[in-house]
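Listed below are the residues making up each chain.
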Amino acid sequence: FIIPDFQNFCKYIEEFYWKCKSNTEGKVASYIPQLARMNPDYWGVSVCTIDGQRFSIGDVTVPFTLQSCTKPLTYGIALEQLGQEVVHGYVGQEPSGRNFNELVLDYNKKPHNPMINAGAILICSLLKTLVKSELTLAEKFDYTMDYFKRLAGGEYLGFNNSVFLSERESADRNYALGFYMRENKCYPEKTNLKECMDFYFQCCAMEANCESMSVMAATLANGGICPITEEKVLKPDSIRDVLSLMHSCGMYDYSGQFAFKVGLPAKSGVCGGMLVVIPNTMGICCWSPPLDHMGNSCRGVQFCEELVRVFNFHRYDNL
Ligand code: GLN
């Protein structure tokens, strides 16, 4: 077993869980009206090791929309289909040092990286125009959802139409980013911007729960092979790139501090979800809607900090 004394490990997870539960800091995201309805008390943690050991505690079967947690996944699909060179002809690898939805491009007039909104919208344009260009919008939606589902080992994956509609109705900034990138000729030729934005909002409104999302994280931890189904979903080369950028850019403006303190690739979303990857060991999903001022789940970040205080999971712990 990859974690020899799994029961004992789970006792610690439980202890961290209860410690973080009493943390009542943060505010539920409200700029997408439908998200503001989330109960701030929700708190769940699920663990899935690369040899398939599972542990869950709290609100682990309640569905939530993935939001920015889909950014590393769509990036992974793009790499798989187009290769690193093509993808990074359109988007950089540098932390932006700015808000996730800031109206800014890098000095090459490209989005800074695929983990912020501009980069993720651009990735959506690549998936939609270059990959399987014969597919209709509906087929692309199914194709992506099926991909996410395979990453999650066939476990819960849904789509929240009211969150999709709600976000699309209040997405002035994302549209501004979309147009700004068109003005700067960021997209592949023939990109239909309206369809690209719809596809981006649809990805954000895909739903999972802690349990299924921990399997996605475990698939990333396991070099792209789902530990539950043993299906090879992504290539190790793609995973390497995904984890590199999660490590440097996955936690918004806290990415540098998170890399320093926790030292693990992770990605958060405004839903309060966090995909946390311990390479070659396990995937973790933390979910709790209240966010700190950077946009990360307060309980989720605290949980990760507790975890590496006790276990030597930090990238540079074992030197
Ligand atoms: N749907 C959200 C947006 O585009 C995703 C951002 C996030 O989770 N930080 O604004």
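Reference entry: report on the structure contained in this document. None of the values given here were measured: they were computed from a predicted structure. (Residues numbered from 1 in each chain as written. Predicted model: local features only at pLDDT ≥ 70, side-chain atom pairs only at ≥ 80, totals over all residues. Heavy atoms only, no water.)

Some details on the sheet that holds strand 2 (residues 44-49)
Then comes step 1: Reading across from one edge, 3-2-9-8-7 is the order of the 5 strands in this open sheet, with antiparallel pairing throughout. Every other strand in the sheet has two partners, leaving strand 3 (54-58) and strand 7 (266-268) as the edge strands with one partner each. Neighbouring strand axes in the sheet, compared pairwise and without regard to direction, differ in orientation by 10° on average.
Then comes step 2: Looking at chain direction, strand 2 and strand 3 are connected through 5 bridges and run antiparallel. Considered in strand 3, the bridge of Val45 is made with Ile57.
Then comes step 3: Along the sheet, helix 11 (residues 298-310) contacts strand 2, strand 8 (273-278) and strand 9 (282-287); its crossing angle with strand 8, the most-contacted strand, is approximately 20°. (Pairing = 2+ DSSP bridges. Helix = DSSP H or I, 4+ residues; strand = E, 2+ residues; numbered from the N terminus. Axes fitted to C-alpha atoms, helices over the stretch in contact; angles between N-to-C directions. Contact = heavy atoms within 4.5 Å.)

With respect to the site of the ligand
Then comes step 1: Around the ligand there are 14 residues in total, and Tyr31, Gln67, Ser68, Tyr200 and Tyr252 lie nearest to it.
Then comes step 2: A distance of 2.6 Å separates an oxygen atom of the ligand from a polar side-chain atom of Ser68.
Then comes step 3: Val270 is positioned with one of its backbone polar atoms (N or O) 2.9 Å from an oxygen atom of the ligand.
Then comes step 4: A breakdown of the residues in the shell around the ligand according to their chemical character gives 7 nonpolar, 5 polar and 2 charged. (Near = heavy atom within 4 Å. Polar contact = N/O pair within 3.5 Å; in protein donor to acceptor, adjacent residues only side chain to side chain. Nonpolar A, V, L, I, M, F, W, Y, C, P; charged D, E, K, R; others polar.)

A short note on the pattern of salt bridges
Side-chain pairing between opposite charges can occur once the charged atoms of the two side chains come close.
Then comes step 1: Applying the stated criterion to the full structure yields 8 salt bridges.
Then comes step 2: Between Lys19 and Glu306 there is a salt bridge, and its shortest N-O distance comes to 3.3 Å. Taken together, the residues span a long stretch of sequence, with Lys19 in helix 1 (residues 6-21) and Glu306 in helix 11 at a distance of 287 residues.
Then comes step 3: Glu231 is the partner of Arg150 in a salt bridge, and the nearest nitrogen-oxygen pair spans 2.9 Å. Of this pair, Arg150 sits in helix 4 (residues 137-151) while Glu231 is found in the loop between helix 8 (210-221) and helix 9 (236-249), placing the two residues 81 residues apart along the sequence.
Then comes step 4: Overall, Glu231 belongs to the partly exposed group, its relative accessible area being 28%.
Then comes step 5: Through salt bridges that share partners, Lys19, Glu306 and Arg309 make up one connected network. (Salt bridge = Lys/Arg side-chain N within 4 Å of Asp/Glu carboxyl O. Buried < 20%, exposed > 50% of the residue type's maximum accessible area, 1.4 Å probe, protein only.)

With respect to the environment of Glu25
Then comes step 1: Among the secondary structure elements, Glu25 is positioned in the loop between helix 1 and strand 1 (27-28).
Then comes step 2: Looking at Glu25, the relative accessible area reads 54%, which means it is exposed.
Then comes step 3: Once residues lying within four places of it in the same chain are set aside, the contact partners of Glu25 are Pro290 and Cys298.

A short note on the packing of aromatic side chains
Then comes step 1: With the rule as written, the count across this model stands at 20 aromatic pairs.
Then comes step 2: Centroid distance Phe9 to Phe313: 6.2 Å. Interplanar angle 70°. Geometry classified as edge-to-face. Of this pair, Phe9 sits in helix 1 while Phe313 sits in the segment after helix 11, and the two are 304 residues apart along the sequence. Comparing Phe9 with Phe313, the two get one shared label, buried.
Then comes step 3: A ring pair is formed by Tyr12 and Phe16, whose centres lie 6.2 Å apart and whose planes are at 40°; its orientation type is tilted. (Phe/Tyr/Trp six-rings, centres within 6.5 Å; stacked < 30°, edge-to-face > 60°.)

Concerning unusual backbone geometry
Then comes step 1: Non-glycine residue Glu230 carries a positive phi angle of around 65°.
Then comes step 2: Its location among the elements puts Glu230 in the loop between helix 8 and helix 9.
Then comes step 3: A relative accessible area of 66% places Glu230 in the exposed class.
Then comes step 4: Look at Tyr252: it is not a glycine, yet its phi comes out positive at around 55°.
Then comes step 5: Structurally, Tyr252 can be placed in the loop between helix 9 and helix 10 (255-261).

Quick look at the packing of helix 4 against helix 7 (residues 193-204)
Helix packing geometry: the angle between the two helix axes and the distance between the axes.
Then comes step 1: The contact between helix 4 and helix 7 brings their axes to 11 Å, and the two run at 30°. The orientation of helix 4 relative to helix 7 falls into the category roughly parallel. Where helix 4 crosses over helix 7, the two elements pack in a sense that is right-handed. Two secondary-structure elements touch here, helix 4 through Leu137, Lys140, Phe141 and Thr144 and helix 7 through Glu195, Phe199, Gln202 and Cys203.
Then comes step 2: Classifying every residue of the contact of helix 4 with helix 7 gives 4 nonpolar, 2 polar and 2 charged. (Parallel < 35°, antiparallel > 145°, perpendicular 65-115°, else oblique. Left-handed = near helix turned anticlockwise from the far one by under 90°.)

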